[in-house]
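Here are the chains, one letter per residue:
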2 protein chains.
Amino acid sequence: MITPMIVGTEWLVEAKGCDEDTLRDIDSLRAVFSALIEDLGLRTLGKDVWHKFDGEGGVTGLVALTESHLACHTYPEYKIATFNLYCCKDRPEWDWEENLRDRLGASEVTVTKIQRGADRTATVPVDGATAAAAPGGDV
Amino acid sequence: MITPMIVGTEWLVEAKGCDEDTLRDIDSLRAVFSALIEDLGLRTLGKDVWHKFDGEGGVTGLVALTESHLACHTYPEYKIATFNLYCCKDRPEWDWEENLRDRLGASEVTVTKIQRGADRTATVPVDGATAAAAPGGDV
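Residues numbered from 1 in each chain as written. Chains lettered and ligands numbered in written order. Predicted model: local features only at pLDDT ≥ 70, side-chain atom pairs only at ≥ 80, totals over all residues. Heavy atoms only, no water.

(A) How the structure looks around the overall build of chain A. Scanning chain A from terminus to terminus reveals two helices and seven strands. For chain A, the α and β elements follow one another from N to C terminus as β-α-β-β-β-β-α-β-β. For chain A, with 139 residues in total, the buried portion stands at 56%. By sequence separation, contacts in chain A at least 24 residues apart represent 58% of the contacts at least 6 residues apart. Split by element, the accessible area of chain A, about 5,500 Å² in all, is 48% carbon and sulfur. (Helix = DSSP H or I, 4+ residues; strand = E, 2+ residues; numbered from the N terminus. Buried < 20%, exposed > 50% of the residue type's maximum accessible area, 1.4 Å probe, protein only. Contact = heavy atoms within 4.5 Å. Areas by Shrake-Rupley, 256 points an atom, 1.4 Å probe, with all protein chains shown as cover.)

Spelled out as structure tokens, the structure:
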């Protein structure tokens, strides 16, 4: 057993009840990335990747950061968008709830903060969240 | 409260005790991506992004998939690599432990499987893991 070493913080975010058309619009999702990157003072590495799936499909967006990476996937058929923000350094909390309500029409936003390098399932509750830390599992 | 809808499966992987030089070598990490993509029949979307940080720094790798995305970050100073594999469809389990032991020299591999769109902290134990499902937390 090696002592857990925290190498990064990851935010896993689920936004539910979003506007379906907005979840199909790359520009709207790119605007979420831009706001987050600017607000937290992040720096992009290389080009961002955006893909709109055919027809009624959603969008995938991905960008490498000096601080790690940012990803989103949208599912208009379920009115859901998910985000991953992984930072090798801790950052101030971003108001995911307010931003995703305003920008995507989300009616419910769930945020879980995870410490990478530590036991995988050790989650850190964020403001207002009821998530509890659970014992980690080593393979 | 909206009923949780599972839209994807994400594997969060921490590999510890890895070989430091291998964690600085983009080709070795790209080979992990290639093996995983081939073994699970995944399809890439656009170009993969690789960045080697200066000097003794690690590597960041990122690729969008038709099925969602794959990311890795390495920390040679701590002998740690972390991976995220996010798939919108469930996939067979990949043998992260064997692959990362053989390819990166990892002495300990921790895998946690998370259902995206569901309550954030609901983790699914993988073979051999002791991770327990925890109650989810809604913001």
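(B) Focus on the state of the cysteines. Residue and element names in this part refer to chain B. A complete count under the given rule lists zero disulfides over all chains for this structure. Cysteine 18 supplies the cysteine sulfur nearest to cysteine 72, a cysteine that is in no disulfide, at a spacing of 11 Å. The class for cysteine 72 is buried, based on a relative accessible area of 0%. (Disulfide = S-S within 2.5 Å.)

(C) View of unusual backbone geometry. Unusually for a residue other than glycine, Lys79(A) sits at a positive phi of about 60°. Its location among the elements puts Lys79(A) in the loop between strand E4 (68-75) and strand E5 (80-87).

(D) Molecular detail of the packing of helix H1 (residues 26-40) of chain A against helix H2 (residues 96-104) of chain A. Residues and elements named next belong to chain A. Where H1 contacts H2, the axes come no closer than 10 Å and their chain directions differ by 150°. Judged on the interaxial angle alone, H2 and H1 are roughly antiparallel. Note on packing geometry: the crossing formed by H1 with H2 is right-handed. Every residue of H2 that contacts H1 at Leu29, Ala31, Val32, Ala35 and Leu36 is listed here: Trp96, Leu100, Arg103 and Leu104. A class-by-class count of the residues in the contact of H1 with H2 yields eight nonpolar, no polar and one charged. (Axes fitted to C-alpha atoms, helices over the stretch in contact; angles between N-to-C directions. Parallel < 35°, antiparallel > 145°, perpendicular 65-115°, else oblique. Left-handed = near helix turned anticlockwise from the far one by under 90°. Nonpolar A, V, L, I, M, F, W, Y, C, P; charged D, E, K, R; others polar.)

(E) Quick peek at H2(A). Residue and element names in this part refer to chain A. Taken together, the buried positions of H2 are Trp96, Asn99, Leu100 and Leu104. Across the axial projection of H2, the buried residues extend over an arc of 90°, all falling on one side. Packing partners of the buried residues in H2 comprise strand E1 (8-16), H1, E5 and strand E6 (108-116). One or two positions beyond H2, positive phi appears at glycine 105, with a value near 75°. (Arc of directions from axis to C-beta.)

(F) Layout of a negative patch on the surface. Residues and elements named next belong to chain A. A cluster of acidic side chains, namely Asp95, Glu97, Glu98 and Asp102, defines a negative patch on the protein surface. Considering the arrangement of structural elements, one finds aspartate 95 in the loop between E5 and H2. With relative accessibility at 40%, the residue aspartate 95 sits in the partly exposed group. (Patch = residues over 30% accessible without salt bridge, like charges linked within 9 Å, V, L, I, M, F, W, Y side chains within 5 Å. Salt bridge = Lys/Arg side-chain N within 4 Å of Asp/Glu carboxyl O. Lys, Arg positive; Asp, Glu negative; His and termini not counted. Charge placed at Lys NZ, Arg CZ, Asp CG, Glu CD.)

(G) Just H1(A), in detail. Residue and element names in this part refer to chain A. A rise of 1.5 Å per residue sets the reference length of H1, with its 15 residues, at 21 Å; its end C-alpha atoms lie 21 Å apart and thus fit the reference within 8%. Residues of H1 that are buried: Ser28, Leu29, Val32, Phe33, Ala35, Leu36, Ile37 and Leu40. Elements that come into contact with the buried residues of H1 comprise strand E2 (44-52), strand E3 (59-65), E4, E5 and H2. Two residues or fewer past H1, glycine 41 is found with a positive phi of approximately 65°. (Expected span 1.5 Å × (residues − 1).)

(H) Just the nonpolar core, in detail. Within the largest apolar cluster, 31 residues are counted, with the highest numbers of intra-cluster contacts made by Phe83(B), Leu85(B), Trp96(B), Leu100(B) and Leu104(B). Going through the elements one at a time, strand E1 (8-16), helix H1 (26-40), strand E3 (59-65), strand E4 (68-75), strand E5 (80-87), helix H2 (96-104) and strand E6 (108-116) of chain B are the ones with two or more residues in this core. Per element, the largest residue contribution to this core is eight residues, and it comes from H1(B). Not counting residues up to four positions away in its chain, the partners in contact with Phe83(B) are Arg116(A), Trp11(B), Leu12(B), Val13(B), Leu29(B), Val32(B), Phe33(B), Ala71(B), Cys72(B), Trp96(B), Leu100(B) and Leu104(B). Among the nonpolar cores identified, the runner-up in size contains 30 residues, and Trp11(A), Cys18(A), Ile37(A) and Phe83(A) belong to it. (Core = buried A, V, L, I, M, F, W, Y, C linked by side-chain atoms within 4.5 Å.)

(I) A look at the environment of Gly46(B). All names here are of chain B. Following the sequence through the fold, glycine 46 ends up in strand E2 (residues 44-52). The class of glycine 46 is exposed, set by a relative accessible area of 59%. Taking C-alpha positions, glycine 46 is 31 Å from tyrosine 78, a pair spaced 32 residues apart along the chain.

(J) Local environment of the pairing of E3(B). Residues and elements named next belong to chain B. Counting buried residues along E3, seven of its seven residues qualify, which places the element largely inside the surrounding structure. Side chains Val59, Gly61, Val63 and Leu65 of E3 all project onto a buried face; the interleaved residues Thr60, Leu62 and Ala64 project onto the opposite face, where all are buried too. Across six bridges, E2 lies against E3 in antiparallel orientation. Across the sheet, the residue bridging to valine 49 is leucine 62, located in E3. Bridging between E3 and E4 involves six bridges; their strand directions are antiparallel. Bridge pairing links valine 63 to leucine 70 in E4. (Pairing = 2+ DSSP bridges.)

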